[in-house]
Amino acid sequence: MVTKTILGICGSPRKQATEYVLSEALNSMEEQGYETELFTVRGKNIGPCRNCDYCIREKECILKDDMYELYPLFKEVQGIVIATPIYNGGVSAQLKAVMDRTRAAAAVDINFLKYKMGMAIAVGGDRVGGQELAIQQIMTFYILNGAIPVSGGPFGSNLGANFWSQDSLKGVKEDGEGFRSLNKTVKRFHEFLENYGK
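This one's a predicted model, so the numbers in the text were calculated from it and none came from an experiment.

About the criteria used
- Residues numbered from 1 in each chain as written.
- Predicted model: local features only at pLDDT ≥ 70, side-chain atom pairs only at ≥ 80, totals over all residues.
- Heavy atoms only, no water.
- Helix = DSSP H or I, 4+ residues; strand = E, 2+ residues; numbered from the N terminus.
- Rg over C-alpha atoms; globule rule 2.2 N^0.38 Å.
- Buried < 20%, exposed > 50% of the residue type's maximum accessible area, 1.4 Å probe, protein only.
- Contact = heavy atoms within 4.5 Å.
- Lys, Arg positive; Asp, Glu negative; His and termini not counted.
- Charge placed at Lys NZ, Arg CZ, Asp CG, Glu CD.
- Core = buried A, V, L, I, M, F, W, Y, C linked by side-chain atoms within 4.5 Å.

Engineer: I would appreciate a short explanation of the overall build of the protein in the present structure.
Structural biologist: Within the protein one finds eight helices and six strands. Taken against the 2.2 N^0.38 rule, which gives 16 Å for 198 residues, the C-alpha radius of gyration of the protein at 16 Å falls within 12% of a compact globule. Structurally, the protein occupies a C-alpha span of about 50 × 40 × 25 Å along its principal axes. Burial statistics for the protein: of 198 residues in total, 49% are counted as buried. By sequence separation, contacts in the protein at least 24 residues apart represent 75% of the contacts at least 6 residues apart. Here the protein contributes 23 positively and 23 negatively charged side chains, and the mean placements of these two sets differ by 4 Å.

Here you go:
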């Protein structure tokens, strides 16, 4: 049996609630027999995409920064979990830069995410602070790149794991409803990986 690998991408520049929740999700996946890899924007130098088309011409990004740690990871994984804190009702600027910079990966291989499973986690300081909008933005990224977005499913549905941190690590640890949405989404993510994953 081939062990599947899951890539977690944390879009928070801090080691707080978002990274904690993503780590919990990856730990749960490891308990089910998956290998996991965590990439965080924290402490990284990742500039925004210039849309200069250098990658289309030269098959590499003109910006030689820490995105080059992430590019090779996409090739080895079967599933991706993207987690973001909520900034101004959406994904963090750091995560948006990561998503935009995958243009270079697509220029090398247009199918770099095709048929991989993707799930989303959003952590907001308020209960209704833009989590679903951020999750939709992550799901749109998956759809545009040929990945299969996986939600928590219908009947008490959730688009992804949705957390209220109250702006603290303690707050997110106490968010039982958030962990209900995480457990439900991870369970479905596992089902999709086992039944449809390449």
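Engineer: Please clarify how the nonpolar core should be interpreted in this entry.
Structural biologist: One recurring pattern in soluble globular proteins: nonpolar side chains tend to sit buried together. Of all hydrophobic cores here, the largest spans 37 residues; its most connected members are Leu7, Ile9, Leu70 and Ile80. Of all elements in the fold, only β1 (5–10), α3 (67–76), β3 (79–85), α4 (93–101), α5 (103–108), β4 (117–124) and α6 (131–144) reach the threshold of two or more residues within this core. In terms of residues, this core owes the most to one element, α6, which gives six residues. Not counting residues within four places of it along the chain, the set of residues in contact with leucine 70 comprises Leu7, Ile9, Phe39 and Val98. If you look at the next biggest cluster of nonpolar residues, it comprises 24 residues, including Val21, Ala25, Met29 and Tyr34.

The values reported here are purely geometric and, on their own, carry no functional implication.
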